[in-house]
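Each chain, written out:
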Amino acid sequence: MIPELSKPSVWMRDSKRVEEIIQAMHRAGPSTLQVISDFDMTLTRFAHNGKRCPTSHNILDNSKLISEDCKNNLKELLNTYYPIEIDSTHTVEEKLPLMVEWWTKAHNLLIQQKIRKDLLAQVVKESDAMLREGYKVFFDQLHKHNIPLLIFSAGIGDVLEEVIHQNGVFHPNIRVFSNYMDFDENGILCAFKGQLIHTYNKREGALLNAGHFQELQDRHNVLLLGDSLGDLTMADGVHNVENILKIGYLNDKVEERKESYLSTYDIVLEKDETMDVPNAILNHITGRQ
Ligand SMILES: Nc1ccn([C@@H]2O[C@H](COP(=O)(O)O)[C@@H](O)[C@H]2O)c(=O)n1
């Protein structure tokens, strides 16, 4: 039905079911659809030319706004906690307190750096952050068809918004739910706002978000894009879901995590740095022929 789904890097535990969901979404049309997506390593690339691309946290961590001493501390945190985040031998319950610990320690280190708000745009410009190949078609297509895009990120909201802006695709159909920085009267980072969002508490955020973005509530078909098992709960705040199609980017530790992704995501994309599959599905759903 959709040639992109036949690529060897595309895995489905039940391709017939996937086809049924896509057909149901096509029949219902774009006015019933919303897209809920993670940001880091889902809308952005995991790697380019064999080199890892930065998350929104890493954009700051690697920047000139951070002292060498602090860079080392942040790197140590990354080396300690990232393997735990993606470890398939531990349960989410075991990981939860450790994720809170990572994010809290990292945010406190960033606050000590007295980061200036007016320098964020420059730091993003100088970074290696890249949206996935085909991103423009993805963002523009959603905008053209008035399909809301809710970005649900455990990254840094101010930084990820800047990445999208600088790529010229921050359209008015986008809503972002993330960790936002709080600046004092001099424009210096002094705290992070609201409840902390990390990889494995997106469900709580999703339930909170149910009241936040009322305009999304009447759209009962959901295309969900994620790269971690924590992203699977991002649509839990949507009432009366009729059809949901979950697409998971499996970027890292492929063999170890293949089974768990295949049993939870409808479509799994192995080391795919493009938006080709979501774009082809959206093209099919929005095509009215
Ligand atoms: N100090 C940190 C904390 C987290 N990360 C990574 O960011 C990702 C979270 O963002 P999503 O948009 O994917 O929700 C997460 O996967 C962590 O690996 C980081 O780089 N530094």
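Residues numbered from 1 in each chain as written. Predicted model: local features only at pLDDT ≥ 70, side-chain atom pairs only at ≥ 80, totals over all residues.

### Focus: the overall build of the protein chain
Scanning the protein chain from N- to C-terminus turns up ten helices and eleven strands. Compactness check: the protein chain gives a C-alpha radius of gyration of 19 Å against a globular reference of 19 Å for 289 residues, within 12% of the reference. Taken along the three principal axes of its C-alpha coordinates, the protein chain extends 55 × 40 × 35 Å. A burial count over the protein chain gives 39% of its 289 residues as buried. Taking the intrachain contacts of the protein chain between residues at least 6 apart in sequence as the baseline, contacts between residues at least 24 apart amount to 71%. (Helix = DSSP H or I, 4+ residues; strand = E, 2+ residues; numbered from the N terminus. Rg over C-alpha atoms; globule rule 2.2 N^0.38 Å. Buried ≥ 20, exposed ≤ 12 C-beta atoms within 10 Å, placed from the backbone. Contact = placed C-beta atoms within 7 Å.)

### What about the domain arrangement of the protein chain?
Each domain of the protein chain was delimited in the assignment, giving domain 1 (3-46 + 131-286) and domain 2 (48-125). The centre of domain 1, based on its C-alpha atoms, is set 21 Å off from the matching centre of domain 2. Of the residues lining the interface, 30 residues belong to domain 1; the matching set on domain 2 comes to 28 residues. Those elements giving two or more residues to the side of domain 1 that touches domain 2 turn out to be β5 (149-156), α7 (157-166), β8 (189-192) and α9 (254-262). Considering only residue class, the side of domain 1 that touches domain 2 consists of 15 nonpolar, seven polar and eight charged. (Domains from an automatic or database assignment. Nonpolar A, V, L, I, M, F, W, Y, C, P; charged D, E, K, R; others polar.)

### Concerning the sheet that holds strand β9 (residues 221-226)
Remark on secondary structure: sheet strands pair via backbone hydrogen bonds, oriented parallel or antiparallel. The sheet built from seven strands is open, its strands ordered β1-β11-β10-β9-β2-β5-β6 with mixed pairing. Edge positions in the sheet fall to β1 (10-11) and β6 (174-179), since each of these pairs with one other strand and no more. Both β5 and β6 contribute to a ladder of five bridges, which runs parallel. Pairing of I151 across the sheet is with V176, part of β6. Contacts from α9 reach β1, β10 (243-250) and β11 (267-270) within the one sheet, and its direction differs from that of β10 by about 175 degrees. (Pairing = 2+ DSSP bridges. Axes fitted to C-alpha atoms, helices over the stretch in contact; angles between N-to-C directions.)

### So, helix α3 (residues 68-85)
Taking 1.5 Å of rise per residue, 18 residues should cover 26 Å, and α3 covers 25 Å from first to last C-alpha, within 8% of that figure. For α3, the principal kink sits at N79 and spans about 25 degrees; a proline, P83, occurs within the next four residues. (Expected span 1.5 Å × (residues − 1). Bend = angle between axes of the 7 residues up to and from the residue.)

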